[in-house]
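Structural overview
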Amino acid sequence: MMLPAVTIVSTRLLCLLSLFALTLRPVTAHADAPAFISAGEASVAPPVFTGTFGWSFIHIGPNSLISITRLGVFDSGGDGLVNFHPVGLWGNDGTLLASIIVPQGTAAPLVGGFRYVDITPVILPLNGIAIVGAQYSAGDADNVDRPSLAGFAPDITFFNLPFQSAGRFGVGPNLQFPDMVSTIPCGQLCPGPAFLEASFRFDVVPEPSLWLLAFPGALCVFSRFRSRRRRYGQ
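Residues numbered from 1 in each chain as written. Predicted model: local features only at pLDDT ≥ 70, side-chain atom pairs only at ≥ 80, totals over all residues. Heavy atoms only, no water.

On to the overall build of the chain. Looking only at helices and strands, one finds 2 helices and 14 strands in the chain. Relative to its full complement of 234 residues, the chain shows a buried share of 40%. For the chain, restricting intrachain contacts to residue pairs at least 6 apart in sequence, the fraction spanning at least 24 positions comes to 79%. On the chain, roughly 12,400 Å² of surface is accessible, and the fraction owed to carbon and sulfur atoms is 65%. (Helix = DSSP H or I, 4+ residues; strand = E, 2+ residues; numbered from the N terminus. Buried < 20%, exposed > 50% of the residue type's maximum accessible area, 1.4 Å probe, protein only. Contact = heavy atoms within 4.5 Å. Areas by Shrake-Rupley, 256 points an atom, 1.4 Å probe, with all protein chains shown as cover.)

Structure (structure tokens):
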């Protein structure tokens, strides 16, 4: 059975328009980007206590959604971790969103100075706030040196309230929610540094509109396949 001429023309037009729209749409997705780039080891040694060292961040865009895919811990020198380290991701309200254990040694992949372990992806919307942190013991051999900050990924930056630091920590022998804010000796009006011993990697989530643009193209391919089968009696 032959398809009506109007149907054939409409299908072809729909296909061409959808492909043209896709070529005009800017591609902003990138694969598994680090939250920040490390510039190596900082000159200031980390404080000594048993607890969770962390920092708070906010998703500022330009992408609407990001998917946090891996959590990691800093490996000074890149020669392997002396101890294993739990790493957690929390919502700003203290809800634990994901946690992993980075094993000792070199089993976890080393990327940009951090050793990462995969997690079930956590979606963070635009202006979403979260906290990442890693657990250390007092005098831990893996926390003699701390990473310095060279720059953030485009979608990420510190989350700082007025007169507060992005540096967060929690005290205790197990993975703790970093509910306290770091300060320097002058007190609460002197924000302290962020604890960058923990980090994460993320993907950009494709916008729904991209799939809507792609759907007519898929419909076109399906329609042409069916018409060919009918033409040749398959």
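This part is about the side chain of Ser165. Residue position: Ser165 is located in the loop between strand 11 (156-158) and strand 12 (167-171). In this structure the side chain of Ser165 is engaged in a polar contact, spanning 2.8 Å, whose partner is the backbone nitrogen of Gly167. One polar contact links Ser165 to Ser182, side chain to side chain, over a distance of 3.4 Å. Setting aside anything within four residues of it in sequence, one finds Ser165 in contact with Asn160, Val181, Ser182, Pro191, Gly192, Pro193 and Ala194. (Polar contact = N/O pair within 3.5 Å; in protein donor to acceptor, adjacent residues only side chain to side chain.)

Moving on: the nonpolar core. Ranked by size, the top nonpolar core spans 38 residues in total, and within it Trp55, Phe57 and Phe200 carry the most contacts. Among the elements of the structure, strand 3 (51-59), strand 4 (65-74), strand 5 (85-91), strand 6 (96-102), strand 8 (114-125), strand 9 (129-136) and strand 14 (198-204) are those that each provide at least two residues to this core. (Core = buried A, V, L, I, M, F, W, Y, C linked by side-chain atoms within 4.5 Å.)

Moving on, we get to the packing of aromatic side chains. Per the counting criterion, the structure on display carries 17 aromatic pairs. Judged by centre distance (6.1 Å) and plane angle (20 degrees), the rings of Trp55 and Phe200 are stacked. Taken as a pair, Trp55 in strand 3 and Phe200 in strand 14 lie far apart in primary sequence, 145 residues in all. Note on accessibility: Trp55 and Phe200 belong to one class, buried. Aromatic pair Phe200 and Phe202: ring centres 6.3 Å apart, planes at 50 degrees, arrangement tilted. We classify Phe200 as buried; its relative accessible area is 0%. Judged by its relative accessible area of 0%, Phe202 is buried. Within the aromatic cluster, the residues linked to one another by ring pairs are Phe36, Trp55, Phe57, Phe74, Phe114, Tyr116, Phe152, Phe158, Phe200 and Phe202. (Phe/Tyr/Trp six-rings, centres within 6.5 Å; stacked < 30°, edge-to-face > 60°.)

This paragraph deals with the confidence of the model for the chain. On average, the chain scores 80 in pLDDT, and the residues at 70 or more come to 72%. In this model residues 1-9 is a low-confidence stretch, pLDDT under 50, and it forms 4 contacts with partners more than four residues away in sequence or in other chains. Segment residues 13-30: pLDDT under 50, and 22 contacts once partners within four positions in sequence are set aside and those in other chains are kept. (pLDDT = per-residue confidence, 0-100.)

Right, let's talk about the pattern of salt bridges for a bit. It is possible for side chains bearing opposite charge to pair when their charged atoms get close. According to the stated counting rule, one finds 4 salt bridges in the structure shown. The closest approach of N and O atoms between Asp118 and Arg70, which form a salt bridge, is 4.0 Å. A residue pair is termed long-range when its members are at least 10 positions apart, and Asp118 in strand 8 and Arg70 in strand 4 qualify at 48 residues. Taking the relative accessible area as the measure of exposure, Asp118 reaches 56% and is therefore exposed. In this structure, the salt-bridge partner of Asp75 is Arg115, at a minimum N-O distance of 2.7 Å. Here Asp75 is found in the loop between strand 4 and strand 5, whereas its partner Arg115 is found in strand 8, with 40 residues between them in sequence. The same class applies to Asp75 as to Arg115, namely buried. (Salt bridge = Lys/Arg side-chain N within 4 Å of Asp/Glu carboxyl O.)

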